[in-house]
Amino acid sequence: MQLASAAQMRELDRRAIEEIGIPGMVLMENAGRGTVDRMIQILGPVAGKTVCVFAGPGNNGGDGLVIARTVHGLGAFPFVFFLVDPEQLQGDAAHNFAILKRLRLPYQVLDYSEKMLTLIDTVLTLNRIHPMHCLVDAIFGTGLARAVEGRFLDVITGLNILRERHQLPVVSVDVPSGLNSDSGAVLGSVVQADLTVTYGLAKPGHFHHGGPSVGRLERVDIGIPTKVVAQMGLSGSLLDRDIAHLLQPREKAAHKGANGHLLIVAGSEGKTGAALLCAQGALRSGSGLVSFAVPQDLNPIFETAIAESMSVPLPASHRFLSIDDYPLIESTARGKDALVLGPGIGTEEATAQLALRLYAEISSPMVVDADALNILAAHPEVIRKPAGPRIFTPHPGEMARLLGSTIEAVQADRLAAAQWLNQDMAADSPPMITVLKGAGTVAAAATGEWAINGTGNPGMGTGGMGDVLAGIIGGLLAQGHAPWQAACLGVYLHGLAADQIAVGRPYGFSATEVAQILPQVIGTFIKPFNQENIIC
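Note that residues are indexed from 1 along each chain, following the sequence as it is written. This being a predicted model, a pLDDT of at least 70 is required before a residue's local features are given, and a value of 80 or more before pairs of side-chain atoms are given or counted; all residues contribute to the totals for chains, interfaces and linings. Only hydrogens and water are set aside when side-chain values are computed; all heavy atoms of the structure are taken into account.

Colleague: Please explain the nonpolar core as it appears in this structure.
Modeller: Within soluble globular proteins, side chains that are nonpolar tend to cluster in buried spots. Residues grouped as a nonpolar core are buried Ala, Val, Leu, Ile, Met, Phe, Trp, Tyr and Cys residues, joined through side-chain atoms within 4.5 Å. Throughout this description, buried means an accessible area under 20% of the type-specific maximum (1.4 Å probe, protein chains only), exposed means over 50%, and partly exposed covers the range between. Within the largest apolar cluster, 68 residues are counted, with the highest numbers of intra-cluster contacts made by Phe54, Val123 and Leu135. Throughout, a contact is declared for two residues whenever any of their heavy atoms are within 4.5 Å. Setting aside residues up to four positions removed in sequence, Phe54 forms contacts with Phe81, Leu83, Leu119, Val123, Leu135, Val136, Asp137, Ala138, Ile139, Val155 and Leu159. Val290, Ile472, Leu477 and Ala487 belong to the second-largest nonpolar core, a separate cluster that totals 61 residues.

Below, the structure is given as structure tokens:
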């Protein structure tokens, strides 16, 4: 699913209206009627029920007026609360207000009089006269860029009270009012919607941080021609089932050597689990072979922990990895299809020197995770000089260190943070991709492509999940997926595996369990092996 920023959506609207000749009133009509269709589909018939519409100052308010008129035609009892003087509305919204007046539909203008102070009582009175179908939030759309305040803040608070305390469903028009549609940031306060109906294309803000205020998201085609969308060259998307087309059945003669060999350079005293979880992710995602390069003193752990893996004990490395073992690791990396560097390696000086040299000199595709990211953060001059394709997998804390910023700043605009490599990159630089982990994981390539993950759940907030993800992405790289494909597919499958577990256990499951269920998850997208011609 493609995603569009607020600016891109405005441009799509402009092109549809000015270049194609589709009247804005038609787009607004399609938006409002499409919203009513979804309201009925999800919340039930509107006939005989009250629909309260809270209309703001722009086209979002105009959409709300179409909704009021449409439900009136279906036998509902609409009541419109204006947060601005409706006589001051402009353009298509003004036209729809004129229609509302001719139909003599009831409305009230909210200000700092008693009308505002008694808003909740007024809504509850309407609910007693005719049962409430829903409250429609048509206050602000994608254009909001400042914190809500004054009567707007009061109405948003009132809507949330009516939803929480009185169980009245809330439907938001395009985006919940108060939500930045690009960054997902809450601008002072935000409407908590049960259903959000968005127009044309979904917006990044619907998915950042897991979209906690969005509720169920539905998309309505408002009539912008597909040709116009294609000409925009949108670079953002949602990671959904469409990404699974990258999973293909294997040839009957496929063998372990043909299915990729991943080298994992990981582990230190007290942190061997990170490396082992990484290997589980790689093996369960389909990597044919997995080898470890590990400190010699820790090798017995690796020899016995995962029977399907191999290990290379590093003689100069004892409790942690050492630069003195670079020649052995470099020779071991030859012939490997991909590497994972970082899980559990620590930041000892000898380890840091090793990580920096591997990053700068090994040309194989590499997932850079955990302490390897912290090491790079301390040596920013190295970051834009990799020897080969690199996929960074930071959590917000590691991302903040890479940026020399704060976790709060990263979380305030996760997409912008993940796009940190988009500037000052050489034209001939190998692929460099950032996977910023968290609710609504963001993948961003230095070439400009970006995606937000639609899978995953709060139960994943436990140790080792990132190690498994690094292994999944590394395993997909080893199997021959291009770096961008491996990053996006890995993120999607990782979250989907956890989602399947969370159906019965919302939390309390482990990273190991997520890795273990991956083959079943992958199997849902690949036609089962055909045994019809086997003679037993």
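Colleague: Which parts of the structure should I look at to understand the packing of aromatic side chains?
Modeller: Each aromatic ring pair is characterised by the separation of its centres together with the angle its planes make. Stacked, edge-to-face and tilted are the three classes for Phe, Tyr and Trp ring pairs, Trp counted by its six-membered ring, which pair at centre distances within 6.5 Å; planes under 30 degrees apart are stacked, over 60 edge-to-face, the rest tilted. Under the criterion given, the structure shown has 10 aromatic pairs. Taking 4.8 Å as the distance between ring centres and 55° as the angle between the ring planes, the aromatic pair formed by Phe292 and Phe302 counts as tilted. Of this pair, Phe292 sits in strand 11 (residues 289–295) while Phe302 is found in helix 10 (residues 299–305), placing the two residues 10 residues apart along the sequence. The pair formed by Phe292 and Phe302 is uniform in burial state, with each residue classed as buried. The ring of Tyr326 has Arg357 lying over it, and the distance from NZ or CZ to the ring centre is 3.9 Å. Should the NZ of a Lys or the CZ of an Arg lie within 6 Å of a ring centre and within 35 degrees of the ring normal, that charge is described as sitting over the ring. The aromatic ring of Tyr359 is capped on one face by Arg390, whose charged end is 5.3 Å from the ring centroid. A helix here means a DSSP run of H or I that spans at least four residues, while a strand means a run of E at least two residues long, and both kinds are numbered starting from the N terminus.

Colleague: Please explain the side chain of His494 as it appears in this structure.
Modeller: Assignment of secondary structure puts His494 in helix 19 (residues 483–502). By relative accessible area, His494 is classed as buried at 6%. Those residues in contact with His494 that lie beyond four places of it in its chain are Met460, Met465, Val468, Leu469, Ile472 and Val514.

Colleague: What exactly am I supposed to notice about the environment of Thr441 here?
Modeller: In this fold, Thr441 is placed in the loop between strand 16 (432–436) and strand 17 (442–445). Judged by relative accessible area, which is 10%, Thr441 ranks as buried. For the pair Thr441 and Phe207, spaced 234 residues apart in sequence, the C-alpha to C-alpha distance is 9.0 Å. Setting aside chain neighbours within four positions, we find Thr441 in contact with Arg414, Val435, Leu436, Ala451, Ile452, Asn453 and Val491. A distance of 2.9 Å separates the side chain of Thr441 from the backbone oxygen of Gly438, its partner in a polar contact. Two N or O atoms form a polar contact when they lie within 3.5 Å of each other; inside protein one atom must be a possible hydrogen donor and the other a possible acceptor, and for residues adjacent in sequence the pair counts only when both atoms belong to side chains.

Colleague: For this particular structure, what's the right way to read the sheet that holds strand 15 (residues 390–392)?
Modeller: Sheets are built from strands paired through backbone hydrogen bonds, the pairs being either parallel or antiparallel. Note: two strands are recorded as paired if DSSP finds a minimum of 2 bridges between them. The strand order across the open sheet formed by 11 strands is 1-9-18-17-16-15-14-13-10-11-12, and the pairing between neighbours is mixed. A strand with exactly one partner marks an edge of an open sheet, and here the two such strands are strand 1 (2–3) and strand 12 (310–314). Note that strand 11 and strand 12 share 5 bridges and pair parallel. Counterpart to Ser291 in the pairing with strand 12 is Met310.

Colleague: Sorry if this is basic, but what is going on with the sheet that holds strand 3 (residues 77–82) here?
Modeller: Judged by pairing direction, the sheet is parallel, and its 7 strands sit side by side in the order 4-3-2-5-6-7-8 without closing on themselves. In this open sheet, the two strands that pair with only one neighbour each are strand 4 (107–109) and strand 8 (216–220). Sheet twist, expressed as the mean angle between neighbouring strand axes with direction ignored, is 20°. Taken together, the 6 bridges between strand 2 (residues 50–55) and strand 3 define a ladder with parallel strand orientation. Looking at the pairing, Val51 lines up with Pro78 of strand 3. Axes, fitted as lines to C-alpha atoms, cover a helix only where it is in contact. Angles between the N-to-C directions of the axes lie from 0 to 180 degrees.

Colleague: Teacher, can you tell me more about unusual backbone geometry here?
Modeller: A negative phi angle characterises most non-glycine residues, just as the trans form characterises most peptide bonds. In this structure, Gln167 is a non-glycine residue whose phi angle is positive, near 55°. Position of Gln167 relative to the elements: it lies in the loop between helix 7 (150–166) and strand 6 (170–173).

Note that every value here comes from positions in space, so none of it alone points to a role or purpose.
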